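Reading the structure
Letter by letter, the chains look like this.
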Amino acid sequence: LPRVPAVLKKRLVKLVVNFLFYFRTDEAEPIGALLLEHCKVTKEEENVFSISFIEEPERKYCFECATEEQCQEWVEALRRASYEFLRRSLIFYRNEIQKMTGKDPLEQYGISEEARFQLGAHRQ
């Protein structure tokens with residue numbers, strides 16, 4: 001059977017850490033949220049981007065922005081929102097600071113040897 005085109009709905013969205021909440025335009029409470037882990041953010045066409053998930057790649061959420069600039073800002077923000085991106089960034093900057101200063105910047109916060117080992121063990 002031919003696939004029925006998706007219905008476009010106007011929604012307000014709010015990014016909070018790694019959750020993208022979406023709201024009806026006339027309601028204060030979110031009607032849903034997407035956890036931005038193991039997902040792919042793709043620029044589809046002018047002013048349009050999509051979010052799909054590794055676990056269910058056939059399901060895609062499309063978003064249309066008012067301008068191309070706004071669309072690019074959303075794509076960049078969403079790509080930086082995952083825990084995995086933040087973890088890799090922490091490891092990278094920790095290592096850079098350690099190279100420059102000779103000191104582990106996490107030491108002053110009492111991060112245990114075990115935690116430092118776990119952070120270092122996931123380098124890619």
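So, a few notes on the structure that sits alongside this text. (Residues numbered from 1 in each chain as written. Predicted model: local features only at pLDDT ≥ 70, side-chain atom pairs only at ≥ 80, totals over all residues. Heavy atoms only, no water.)

1. Points about the sheet that holds strand E3 (residues 32–35)
With antiparallel pairing, 3 strands are arranged side by side in an open sheet as E1-E2-E3. With partners counted over all chains shown, the strands left at the sheet margins are strand E1 (11–16) and E3, one partner each. The average undirected angle you get between the axes of adjacent strands in this sheet is 20°. Both strand E2 (residues 19–24) and E3 contribute to a ladder of 4 bridges, which runs antiparallel. Along E3, the bridge assignment pairs Tyr 22 with Gly 32. Along the sheet, helix H1 (residues 68–79) makes contact with E1 and E2, crossing E1 at roughly 40°. (Pairing = 2+ DSSP bridges. Helix = DSSP H or I, 4+ residues; strand = E, 2+ residues; numbered from the N terminus. Axes fitted to C-alpha atoms, helices over the stretch in contact; angles between N-to-C directions. Contact = heavy atoms within 4.5 Å.)

2. A few points about helix H2 (residues 83–101)
Relative to the 27 Å expected for 19 residues at 1.5 Å per residue, H2 spans 27 Å between its end C-alpha atoms, a close match to the ideal helical length. Among the residues of H2, those classed as buried are Arg 87, Ile 91, Arg 94 and Asn 95. Take H2 and look down its axis: the buried residues cluster within an arc of 95°, on one side only. Among the exposed residues of H2, those pointing more than 90 degrees away from its buried face are Tyr 93 and Met 100. (Expected span 1.5 Å × (residues − 1). Buried < 20%, exposed > 50% of the residue type's maximum accessible area, 1.4 Å probe, protein only. Arc of directions from axis to C-beta.)

3. Regarding the nonpolar core
Core analysis: the biggest nonpolar cluster contains 13 residues, and Leu 20, Leu 34, Leu 36, Phe 49, Ile 51 and Leu 78 have the highest contact counts within it. The set of elements that each furnish at least two residues to this core consists of strand E5 (48–53) and H1. When near neighbours in sequence (up to four residues on either side) are disregarded, Leu 78 contacts Leu 15, Leu 20, Leu 36, Val 41, Phe 49 and Ile 51. (Core = buried A, V, L, I, M, F, W, Y, C linked by side-chain atoms within 4.5 Å.)

4. A look at the environment of Trp 74
Along the chain, Trp 74 turns up in helix H1. When residues no more than four places from it in sequence are discounted, the contact partners of Trp 74 are Val 13, Leu 15, Leu 20, Phe 49 and Cys 65.

5. Notes on the layout of surface pockets
What the second largest pocket holds in volume is close to 160 Å³. Lining of the second largest pocket is provided by Leu 36, Glu 37, His 38, Cys 39, Val 41, Leu 78, Arg 79, Ser 82 and Glu 84. Counting only elements with at least two residues in the lining of the second largest pocket, the list comes to strand E4 (39–45) and H1. The residue inventory of the lining of the second largest pocket, partitioned by class, reads 4 nonpolar, 2 polar and 3 charged. (1 Å grid on protein atoms, 1.4 Å probe; cavity = no way out; pocket = protein on both sides within 12 Å on 5 of 7 lines; lining within 4 Å. Points joined across faces, edges and corners; volume = space filled by probe spheres on them. Nonpolar A, V, L, I, M, F, W, Y, C, P; charged D, E, K, R; others polar.)

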